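# Reading the structure
Chain by chain, the residues:
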Amino acid sequence: MKIKFKDLVILVFFALLGLGIWYKLEYPRFAFIDLSFDKGQALMASENYLKEKGVDPGKFSRAIVFDDDEKFNRYFQHSVGLEKEQEFIQEHDFDLFSWLVRFFKESQKEEYLVYVSPRSGEVIRSVHLIEDTEARIDLGKSAAKAKAESFLKAAFGIDLENYVSHEEKVKRYENRVEYLFSWEKKDVYVPWRGDQGGAKLLTEVVVSGDEVREFRKNKIHLPDKFSRYVERQFVLGEYLYSLFYIILFLMLAWSISIVLRERNNVVPRMTRKWFYYVAGFLFIFNTAYFFNNLQNIFINYPTSSHLSSFVGLAFTRWLLNTGFLVVGFIMPGIAGEVLCKEVFADKKYISFFFYAKTSFLNRRLAYSILLGYIIWIIALGLQAAVFYGGQKFLGVWREWHTMTNFSSAYIPLLSAFVIGIRASLNEEINFRLFGIPLAKKYLKNSILAVLLTSLIWGMGHTMYAIFPVWFRIIEVSLIGIFYGFMFMRFGIIPLIIAHYLFDVFWCSAAFLLGHYKGHLLYTSIGLLCLPLALAVAAYLLNRTQKEKPLENLLTKAQAYNLNVLAAFVVSKKAQGYSRELIYEELINNNWDRLLVDLALKEAYK
């Protein structure tokens, strides 16, 4: 679609403003991230570490995922803010991120967990799990402590003169004794709300026999009151998300009833193939997403069961969720087309129906995609401003959820694409194409319709990434309000593009903006350019934008009904009924709106 020059100038202005706001407020969050060591290098470092211990890594299955210290991140963002968190990381050589490599054997307890720093390639934490009944020599507490101290000095150059003893534990098993020692770094204390405790920086070692069975270079010890506060946030998020899920289920049921009632009418018949094809696309790629992220399955595999059974159960659950995803796309999509034709009859390009009568690959699509890029940048600026206020005045903190999702996959490009395309299609179809016209039909007010659907959409994002959870509703709802008015002004396609770009950007921002050199940088850029490539293709191909006469698209049954309607309208007109009264009578008797329009057009031409 072409937009007016005045509208374009205004949107470009806000896009430039949004870009400036985002760069000022958000870019520093990524600039300190150092991801110099990639997945392959981390796997090699972990294997070399095991070989140095005399362990053959070839005898183990392995899984590797990207991990972050979410407890540290939550506490420091909330208590002292992002800048102080980054200063702490640099001052104390703390690793916020790590590659977690798991070496395991099916149906056996023994395994190794090796954590590798993505900025230095150093092994910063290791855990060796063994059977409780395994026998080992007892060094005695003094010798075990000396072993732990010499290990920390040799491995990390830690001078324990800068630490004080924090905890010493003795744990007796049936055939061995293990010793845990932890030291607290001096002059490191970050308080939580005055006298409610504070965070301490520890280093920790577990000695079992003559082996350092477990160690952790840096461990943050959090006050109990903060941990309980976080638990309450998760409980509240679960309640809100459960409420959202009930509303989403009711919306799906409502959309099914609309589709069943209107299934033989023109709009559903002409648009359903589009939704079927896209749903099939979603099903295939969502299934591919499961296999692409098997590393996350393997990392959580309990070795007490068979691996095939665990993976099979996970896949069965994923297929059920994918089925719900597909149905939750098709039904609201078709119902949304029906409602848009009814509620927004004067907005020609708001849905996919116009493209079903012409073609997709034309310059209208190209303009819509370019508009999507502008809306995306404005949304980034809006989000940055909202976060700034939240962090400065309301104690808001964020986690690195999307970054870990993107990094752990076999093919990060595929996972980031699926995350972006799945969320953009499903959420924009449900809450914009279907939700807004549905709400407007009954509320009789566009502003209230946008506000209500945005609030519901915000509730659906309360389970992750942004805390406290009530702020997540505010943040997403504000973006939803912006998206809602853009939808009513410019249609659904720019919103799908903007939403896709928004999610893909957050999946890959660390690789685009942090210290990283490698293929993920280029694939991230490629993902963000995919819609642009489609726009170029649509612009060059520029297939017909001329609408096919609706009369030529009718089935035999619909053509027959049109003749019946035309005769009825002519007779009512002859009896003195107005066009408006005839229209109202036919609609109240559930006649297809498009057929009614055609019959009235013919009678009153």
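Each remark here, short or long, concerns the structure printed above.
The structure reproduced in this document is the subject of the present report.

Cut-offs applied
- Residues numbered from 1 in each chain as written.
- Predicted model: local features only at pLDDT ≥ 70, side-chain atom pairs only at ≥ 80, totals over all residues.
- Heavy atoms only, no water.
- Helix = DSSP H or I, 4+ residues; strand = E, 2+ residues; numbered from the N terminus.
- Buried < 20%, exposed > 50% of the residue type's maximum accessible area, 1.4 Å probe, protein only.
- Polar contact = N/O pair within 3.5 Å; in protein donor to acceptor, adjacent residues only side chain to side chain.
- Contact = heavy atoms within 4.5 Å.
- Salt bridge = Lys/Arg side-chain N within 4 Å of Asp/Glu carboxyl O.
- Axes fitted to C-alpha atoms, helices over the stretch in contact; angles between N-to-C directions.
- Parallel < 35°, antiparallel > 145°, perpendicular 65-115°, else oblique.
- Left-handed = near helix turned anticlockwise from the far one by under 90°.
- Nonpolar A, V, L, I, M, F, W, Y, C, P; charged D, E, K, R; others polar.
- Patch = residues over 30% accessible without salt bridge, like charges linked within 9 Å, V, L, I, M, F, W, Y side chains within 5 Å.
- Areas by Shrake-Rupley, 256 points an atom, 1.4 Å probe, with all protein chains shown as cover.
- Phe/Tyr/Trp six-rings, centres within 6.5 Å; stacked < 30°, edge-to-face > 60°.
- Lys NZ or Arg CZ within 6 Å of the ring centre and 35° of its normal.
- Pairing = 2+ DSSP bridges.
- Arc of directions from axis to C-beta.
- Core = buried A, V, L, I, M, F, W, Y, C linked by side-chain atoms within 4.5 Å.

## Regarding the side chain of Ser351
Mapped onto the fold, Ser351 is located in the loop between helix H10 (307-343) and helix H11 (353-357). Under the relative-accessibility criterion, Ser351 is labelled buried at 6%. A polar contact is formed between the side chain of Ser351 and the side chain of Glu337, at a distance of 2.7 Å. With sequence-adjacent residues up to four places away left out, Ser351 is seen in contact with Glu337, Cys340, Leu433 and Ile492.

## What to know about the pattern of salt bridges
In the structure shown here, the tally under the stated rule is 28 salt bridges. Its salt-bridge partner being Asp132, residue Lys109 comes within 3.1 Å of it at the nearest N-O pair. Taken together, the residues span a long stretch of sequence, with Lys109 in the loop between strand S2 (97-104) and strand S3 (111-116) and Asp132 in the loop between strand S4 (123-129) and helix H6 (141-156) at a distance of 23 residues. Note on Lys109: relative accessible area 32%, which makes it partly exposed. A relative accessible area of 39% places Asp132 in the partly exposed class.

## Description of the packing of helix H20 (residues 579-588) against helix H21 (residues 593-603)
Running from N to C, H20 and H21 cross one another at 155 degrees; their axes reach a closest spacing of 10 Å. The angle between the axes of H20 and H21 places the two elements in the roughly antiparallel class. With respect to the hand of their crossing, H20 and H21 are arranged in right-handed fashion. When H20 is examined against H21, the residues Arg579, Ile582, Tyr583, Leu586 and Ile587 are found in contact with a partner set consisting of Arg593, Val596, Asp597, Leu600 and Lys601. Of the residues in the contact of H20 with H21, the class split is six nonpolar, no polar and four charged.

## Examining a nonpolar patch on the surface
Nonpolar side chains collect at one region of the surface, where Leu236, Phe393, Leu394, Trp470, Ile474 and Leu478 lie side by side and expose about 560 Å² of accessible area between them. Relative to the assigned elements, Trp470 resides in helix H16 (residues 469-490). Residue class for Trp470 comes out partly exposed when judged on its relative accessible area of 36%.

## Concerning the side chain of Asp7
Looking at the element boundaries, Asp7 is found in helix H1 (residues 5-25). Of the residues examined, Asp7 reaches a relative accessible area of 18% and is grouped as buried. Residues contacting Asp7, with those up to four places away along its chain left out, are Arg489 and Phe490.

## A closer look at the packing of aromatic side chains
Under the defined criterion, the tally for this structure stands at 63 aromatic pairs. Ring centres of Tyr49 and Phe215 lie 6.3 Å apart, and the angle between their planes is 65 degrees; on these two criteria the pair is classed as edge-to-face. Residue Tyr49 is found in helix H3 (residues 39-52), and its partner Phe215 is found in strand S9 (residues 211-221); the two are separated by 166 residues along the sequence. On the accessibility criterion, Tyr49 (13% relative accessible area) is buried. Between the aromatic rings of Tyr349 and Phe354, the centroid separation amounts to 4.8 Å while the plane-to-plane angle is 90 degrees, which identifies the pairing as edge-to-face. Counting every residue linked through ring pairs, the aromatic cluster contains Phe72, Tyr75, Phe76, Phe88, Phe94, Trp192, Phe226, Tyr229 and Trp397. Directly above the ring of Tyr173 sits Arg176, whose terminal nitrogen or CZ lies 4.1 Å from the centroid.

## A few points about the pairing of strand S6 (residues 177-185)
Consecutive side chains of a regular strand alternate in pointing toward one face of the sheet and then the other. Among the nine residues of S6, eight are classified as buried, and the element is accordingly described as predominantly covered. Relative to S6, strand S5 (residues 163-172) runs antiparallel, the two sharing nine bridges. Counted as the bridge partner of Tyr163 is Lys185 from S6. Between S5 and S6, which pair antiparallel and follow one another directly, the connecting turn spans four residues. Where S6 lies against strand S8 (residues 198-208), seven bridges are found, and the strand directions are antiparallel. If you follow Phe181 over to S8, its bridge partner there is Val205.

## Overview of the packing of helix H14 (residues 412-443) against H16
At their nearest, the axes of H14 and H16 sit 11 Å apart, and the two run at 65 degrees to each other. For the crossing formed where H14 meets H16, the hand is right-handed. For the pair H14 and H16, the contacting residues are Glu428, Arg432, Leu433, Ile436 and Pro437 in the first and Gly480, Tyr483, Gly484, Phe487 and Met488 in the second. For the contact of H14 with H16, the class distribution of residues is six nonpolar, two polar and two charged.

## Quick word on the environment of Phe156
By the element assignment, Phe156 lies in helix H6. Each C-alpha atom of the pair Phe156 and Ser46 lies 16 Å from the other, and the pair is 110 residues apart in sequence. Discounting residues that sit within four places of it in the chain, Phe156 has contacts with Glu122, Val123, Ile124, Phe151, Phe215 and Lys217.

## Examining helix H5 (residues 82-91)
Among the residues of H5, those classed as buried are Leu82, Glu85, Gln86, Phe88 and Ile89. All buried residues of H5 fall inside an arc of 160 degrees around its axis, so they share one side. Exposed and oriented more than 90 degrees from the buried face of H5 are Glu83, Gln90 and Glu91. Those residues of H5 that are buried are in contact with helix H2 (27-31), helix H4 (70-79) and S8. The first or second residue beyond H5 is Asp93, which carries a positive phi of 55 degrees.

## As for the nonpolar core
In this structure, Phe329, Trp376, Tyr483 and Phe487 are the most contacted members of the largest nonpolar core, which totals 163 residues. The leading source of residues in this core is helix H17 (residues 492-513), at 16 residues. If we skip the residues at most four places from it in the chain, Phe329 touches Phe275, Val278, Ala279, Leu282, Leu425, Asn426 and Ile429. If you look at the next biggest cluster of nonpolar residues, it comprises 17 residues, including Leu100, Ile124, Val127 and Ile297.

## With respect to the pairing of S9
For S9, the tally of buried residues reaches nine of 11 residues, placing the bulk of the element in the interior. Sheet topology note: the S4/S9 ladder contains three bridges and is antiparallel. Looking at the pairing, Val127 lines up with Glu214 of S9. Pairing analysis gives eight bridges linking S8 to S9, with the strands arranged antiparallel. Across the sheet, residue Val207 finds its bridge partner in S9, namely Val212. With antiparallel pairing between neighbouring strands as the criterion, S8 and S9 make up a hairpin whose turn holds two residues, including Gly209 at a positive phi of roughly 65 degrees.

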